[in-house]
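Working through the structure, step by step
This is what each chain is made of:
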Amino acid sequence: MILALTDILPALLVTHAPALLVVAPMVLAPLVAMLPSGRLAWGFAVLGTGFSLIMALVLLGQVQSVEDGAVISYAMGGWAPPAGIEFRIDTLNALVLLLVTGMGFLASIFGWPTIKAEIASAKTSMFFAAYLVCFTGLCGVAATGDAFNLFVFLEISSIATYVLVALGAGRDRRALPAASNYLLMGTIGASFFVVGVGFLFAATGTLNMAELSLRLEDVEDNKAVLAGYAFIFVGLGLKAAMFPLHQWLPNAYAYSPSFVTMFLAATATKVAIYALIRFLFSVFGLEFSFEGASLILILMPMGLAAMIACSFQAVFQTDIRRMLAYSSVAQVGYILLGVSLGTAAGVSAGLVHLVNHGVIKGALFMAVAGAVLVYQGTSLNDFRGLGRSAPWTMTAFGISGLSLIGVPLTAGFQSKFALVQALLEQGWWWAAIVVVFSSVLAVIYMGRVLEAVFFQAPLNPNKRQKEAPLIILLPLWGLVLVNLWIGLNGRFLFGLTDGAAASLFGGGF
Amino acid sequence: MTDHHIILRVVAKVLIPFIALYGFYVQFHGEYSPGGGFQAGVILAVSLILYSLIFGIAPTMRAVTPGFARAVAAIGFLLYACVGIAALIGGGNFLDYDALVDEPVGGHLGQHLGIILIEIGVLMAVAGSMTAIFYAFAGRVSEIRDEDW
Amino acid sequence: MVDFVLERGNYWAIIGLMMIGLYMAFAATNLIKRLIGLGTFQTSIILFYISLARIDGATAPILMGKDYKSYSGGGKNPEGEHAGEAAYAVAEGAYEATEVGLEYVYSNPLPHVLMLTAIVVGVATLAVGLALIVRIREAYGSVEIDDIMAMDLAVAKAEAADDAAERPLSHGGSVA
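Residues numbered from 1 in each chain as written. Chains lettered and ligands numbered in written order. Predicted model: local features only at pLDDT ≥ 70, side-chain atom pairs only at ≥ 80, totals over all residues.

**Some details on the overall build of chain B**
Counting its secondary structure elements, chain B contains 5 helices and 0 strands. In sequence order, chain B lays out its α and β elements as α-α-α-α-α. For chain B, the proportion of its 149 residues judged to be buried stands at 40%. Taking all contacts inside chain B whose residues are at least 6 apart in sequence as the whole, residues at least 24 apart take part in 62%. (Helix = DSSP H or I, 4+ residues; strand = E, 2+ residues; numbered from the N terminus. Buried ≥ 20, exposed ≤ 12 C-beta atoms within 10 Å, placed from the backbone. Contact = placed C-beta atoms within 7 Å.)

What follows is the structure in structure tokens.
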């Protein structure tokens, strides 16, 4: 099906897909900023993200067209790498790009009603411009093969994100300190990353990631490389909300506009995790990361700690969005645990969970946004009895919630099962027990919500019977169906992640 | 407004055109020597900001409206992107200046044209957004009173 | 020992600045001071990259003498490739990675360009940060973290009390 797409589209689009994927939303952003009407801006945003989604599919098709996964290299401005900036797409990039563009597309479709309700109409077109810039940045991070370029795209997306988070101030002023805190932490994270890249540059004299991985082999004992490694690890860890560095996340998710929360939860931390994986496995290489720098001693305990501590914190939240935010940090822990195994199976399980968690959290936050739009209020009490007054919205919420717990037949089960399998293969049975224990905690915190939604009487009995609008329900159920499809037949996704893991372990690039 | 800023006003009136001119010098000389769109854009914006510091923000906003500043920034950015896309259509990669002009191998016209257009885009984007940022902050507070100088 | 320290004076200065900036960003209770700390931190990074570019006895990275002739003499290749080769050769020469066959030693131009981008990123961050602080000041009437946290805590406590009493929730933070 994807291959057919490459045949239909004009050759120009296919050959330049890596650039167009990033350029299309980038061109639309200033256009949208000048538009007077918010509705038109929304149309352009849907158009831009949809175009990027098609480009991502084309790239996936091209990468998959070869047995072991091809590598597409696109030289910006015709300057050949390693001197020029290169966009480099392999299976892993294509997978992450598909996640980002897909979630971006669905988010921009569903966003209109909630944005109309939450953002002042004079700011709507600027809001969509900021959203497109953020989207551009995330796509750029996932597409680029140049370490410094990655920093620039990371900051492009982050700066737009701070603005988007702060726009939640129309609803609750606490969005402002949350955004300012996020700005501080995010900038420090990005700065750490760029210091690390500087050390690598000092040791090797190149910024191209493929070239870096080759040259690093000769200078592995260099102290500058070790320092750079530490800086990059901490910097990207901050952006990815790795356990002790996640303090910015709960408030930013809880107070930003519903649309922004949904988009960020599904993409932003995922892209940072991708960058972390890319640096750990491709640039530094397995041997350096796991044997030389004993990454297992850091990544694994942090993953476990996140799974337990943040799941506990989620249990005690009364605000649903805050609870889901803490759960996000816990899920990052699952992904990092898979990665810390340092085996192909572990990384593959981590990647599957990365995609699944994007789909699950996207759907959950979408359903919450729908409920907030119609019924106001995000506390547990506000959600009581919604299962009866908004059955379609809340059923989708329920299925995604079960998937978050890891109930069989859903995507969440597939990834947790794969993770436990990979853990047992390596003999880490105690880690597998922690995974199960953390899932029990997920049963508690999701169960509390599901019970309130489906089995309790509404707090206010004359709450009117009303669903979220269709434009929210359609993308929401789209995500739920994807979730169930992965749950029933994970072969497609597992094929992709296995390919990506194999290319990571197959000697760098 | 009383007259005790007269020295400032007179000096600024003389200086501002030269600052703007210097901005353009940095811009167009930037192809062969240190300089370029970033620096030139900031210098241009500085001339505007200096004007508004001396003569007040309201007259500046009448001359260069905030909407215009934002539009200049957006158009500059679009110019940049359009050069890239023009190169795409011309058969090269994104931002491949050589593909801008159909010329024999070894010609420099595409490179010259490309970098000049790109730098003009950068100039507009930087000058526009710097001015817009300044307006966003300065437009929020009331005029500085004479006693506060 | 003294030589070891003195030879790397620039790095000591950079580390010092970096630590001062980081400490300010974390320890200051005033939001503006935090941003100043962040700015100091970013500036130290710029200095770090710039000192990476410097090479003893190197000249500005503009080809001259024989180098200029060998790289820009009219060949059949498009100019672009020449310029690319030359730039790369200069960068390689700066790191003594390969024999690049240049007559003069040039300092590395690349970090300067990178820092131009980093400066722009820094300016954008600063602008957004200051804009946020202006809005915080308008919404809370203060730019002190402690005051803001105290106000938020009061709102959160009221919300929790609301929840516990199971009354329909009245909205917390007032709209700015």
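**Section: the overall build of chain C**
Looking only at helices and strands, chain C has 7 helices and 0 strands in total. Counting helices and strands in the order they occur from the N terminus, chain C gives α-α-α-α-α-α-α. For chain C, long-range pairs separated by at least 24 residues make up 53% of all intrachain contacts whose partners lie at least 6 apart in sequence.

**So, the interface of chain A and chain B**
Residue-level contacts link 14 residues of chain A with 14 residues of chain B. Of all the elements, helix α3 (residues 17-34) of chain A adds the most residues to the side of chain A that touches chain B, at 8 residues. Considered class by class, the residues forming the side of chain A that touches chain B number 11 nonpolar, 3 polar and no charged. (Nonpolar A, V, L, I, M, F, W, Y, C, P; charged D, E, K, R; others polar.)

**Let's talk about the environment of alanine 203 of chain A**
Residues and elements named next belong to chain A. Take alanine 203: it is sitting in helix α8 (residues 175-204). Taking C-alpha positions, alanine 203 is 6.6 Å from valine 225, a pair spaced 22 residues apart along the chain. Apart from the residues lying within four places of it in its own chain, the contact partners of alanine 203 are Val219, Asn222, Ala224 and Val225.

**Overview of the environment of phenylalanine 383 of chain A**
Mapped onto the fold, phenylalanine 383 of chain A is located in the loop between α16 (344-375) and α17 (386-389). Excluding residues that lie within four positions of it along the chain, phenylalanine 383 of chain A makes contacts with Ile320, Ala371, Val449, Ala452 and Val453 of chain A.

**Examining the nonpolar core**
Counting 285 residues, the largest nonpolar core has Val32 and Ala179 of chain A as its most contacted members. Residues in contact with valine 32 of chain A, not counting those within four places in the same chain, are Ala41, Phe44, Ala45, Ser125, Phe128, Ala129 and Leu132 of chain A. (Core = buried A, V, L, I, M, F, W, Y, C linked by C-beta atoms within 7 Å.)

**Some thoughts on the pairing of strand β2 (residues 86-89) of chain A**
Residue and element names in this part refer to chain A. A two-sided burial pattern is seen for β2, the buried positions comprising Glu86 and Arg88 on one face and Phe87 and Ile89 on the other. In this structure, strand β1 (residues 72-75) lies alongside β2, joined through 4 bridges in antiparallel fashion. Along β2, the bridge assignment pairs alanine 75 with glutamate 86. (Pairing = 2+ DSSP bridges.)

**Some remarks on the packing of helix α12 (residues 258-283) of chain A against helix α15 (residues 320-340) of chain A**
All names here are of chain A. Relative to each other, α12 and α15 sit at 20°, their axes nearing to 11 Å. As summarised for this structure, α12 and α15 are arranged roughly parallel, according to the angle between their axes. When the axes of α12 and α15 are compared, the crossing they make is right-handed. Contacts from Thr261, Ala265, Thr269, Ile273 and Ile277 of α12 reach α15 at Arg321, Ser328, Val332, Ile335 and Val339. Considered class by class, the residues forming the contact of α12 with α15 number 6 nonpolar, 3 polar and 1 charged. (Axes fitted to C-alpha atoms, helices over the stretch in contact; angles between N-to-C directions. Parallel < 35°, antiparallel > 145°, perpendicular 65-115°, else oblique. Left-handed = near helix turned anticlockwise from the far one by under 90°.)

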